[in-house]
Amino acid sequence: MSWDFDYSAVNSISNLLEENGLNMTRKFGQNFLVSRASLEKIVSLSGACAGMKVWEVGPGIGALTSLLLKSGARVTAFEIDRGFCRILREKAFADELENGQLKLIEGDALKTWLPEFEENGAPDVICANLPYNVGSVLIGSFIEHRCLPPLMVYTLQSEVVHRICAKPGDEDYSGFSVVTSLDYENREAFVLKAGNFWPAPNVDSSVVEMRRKEQSVIEQADAQNFFNTVHALFAQRRKTVKNNLKALKLSSQTIDGALERAGIPATERAENLSVSQIARLSKELI
Ligand code: SAM
């Protein structure tokens, strides 16, 4: 790789942006990770190595991308900022794009990832410092569309990571915790203080490691029904499971019967239910 750029030097980054007539945009959650040690730790967690197929969402000007490429991994990167894409294409990774080690998909990853998945399948790993505004929507979308790589390593606001790792009864437990723990064992690997980013965000971040379970709690065919049940159950936090389930437009009798067969009291609240209890309930509701 001929591009030897110091991604930890804020001066060099701002000069590069200025030379290219670019600015950082808050609306795209642009906070570059400028700690070399943290970038290396993230890539090491991802296990990226020669030949491995890795997706990265939001490469920016390539801080994480350059290390992923150095590992020998084949990287597909999704970036919305046309100016950053120009830097990646013309300056940083022209050779890797030419020889096919890197594929750059320009545009909104929320729209571009699915066609890539349908054409080429899931990667071995997704490794990304996610734009905060789309992070949880994107992860939820991967899982609900059953794009389930063996490992995902994300940098996100610590608050979102706590929701991903929360267990039933925890304050942070939500519908998102259920969706993200259906197929994955999740662990907060380490915290990144705001000062590790440029510009520094208002909140701290964490790196979460999501490792796929050997067996999913549900059958592929039951997935959509499961997600519909989760969304209904957590729609209104203070309501009982029975009241929330009414949104599914099923008869009261059907709901009562399903709750009874799943062994869940009608007055229970979704925040106390485990993934397997919800999976059982969703099957009983069919
Ligand atoms: N990977 C770089 C790093 O670690 O320093 C940049 C990470 S920065 C937090 C998020 C990146 O995601 C930015 O480059 C931003 O332009 C990009 N981005 C934001 N929204 C996006 C979207 N919807 N689709 C694709 N990329 C997006």
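In this convention, every chain numbers its residues from 1, walking through the sequence in written order. Under the rules for a predicted model, residues below a pLDDT of 70 receive no local features and side-chain atom pairs below 80 are neither given nor counted, while totals for whole chains, interfaces and linings still include all residues. For side-chain calculations, the full set of non-hydrogen atoms in the structure is used, while hydrogens and water are omitted.

Overview of the domain arrangement of the protein
Part 1: Each assigned domain of the protein is listed here: domain 1 (10–212) and domain 2 (220–284).
Part 2: Segmentation of the chain into domains, including their bounds, is taken from an automatic or database domain assignment. For domain 1 versus domain 2, the distance between C-alpha centres works out to 33 Å.
Part 3: Between domain 1 and domain 2 the total buried area reaches about 1100 Å² when both faces are included, carbon and sulfur atoms providing 66% of it.
Part 4: Any Lys or Arg side-chain nitrogen found within 4 Å of a carboxyl oxygen on Asp or Glu counts as a salt bridge. Our count for the contact surface shared by domain 1 and domain 2 stands at zero salt bridges.
Part 5: Polar contact is the term for a pair of N or O atoms within 3.5 Å; when the atoms are in protein, one must be able to donate a hydrogen and the other to accept it, and sequence-neighboring residues count only if both atoms are side-chain atoms. The interface formed by domain 1 and domain 2 includes four residue pairs in polar contact (both at pLDDT 80 or more).
Part 6: Put simply, DSSP H or I for four residues or longer makes a helix, DSSP E for two residues or longer makes a strand, and each gets a number counted from the N terminus. Broken down by secondary-structure element, the contributors of at least two residues to the side of domain 1 that touches domain 2 are α7 (135–144) and α9 (175–182).
Part 7: Take the side of domain 1 that touches domain 2: its biggest share by element is five residues, from α9.
Part 8: In this classification, Asp, Glu, Lys and Arg are treated as charged, Ala, Val, Leu, Ile, Met, Phe, Trp, Tyr, Cys and Pro as nonpolar, and every other residue, Gly included, as polar. When its residues are assigned to classes, the side of domain 1 that touches domain 2 shows six nonpolar, four polar and four charged. Buried surface area refers to the total accessible area, computed with a probe of radius 1.4 Å, that the two partners give up upon joining, counted for both partners together.

Some words on the sheet that holds strand β2 (residues 53–57)
Part 1: Any two strands with at least two DSSP-identified bridges between them are counted as paired. Ordered by their spatial adjacency, seven strands build an open sheet running β4-β3-β2-β5-β6-β9-β7, and the pairing between neighbours is mixed. The open sheet terminates on both sides in strands that have one partner only, identified here as β4 (102–106) and β7 (184–192). For this sheet the average axis-to-axis angle between neighbouring strands, irrespective of direction, equals 20°.
Part 2: As paired elements, strand β6 (residues 151–157) and strand β9 (residues 205–212) share seven bridges and run antiparallel to each other. Bridge pairing links Leu-156 to Ser-206 in β9.
Part 3: Across the sheet, α7 lies against β2, β5 (125–129), β6, β7 and β9, angled at about 160° from β6, the strand it touches most.
Part 4: Two residues qualify as a contact provided that any one of their heavy atoms is within 4.5 Å of a heavy atom in the partner residue. Where helices are involved, their axes are fitted lines through C-alpha atoms of the stretch in contact, as for all axes, and angles between N-to-C directions lie from 0 to 180°. Sheet strands touched by helix α8 (residues 158–165): β6, β7 and β9. Its angle to β6, the strand with the most contacts, is close to 135°.

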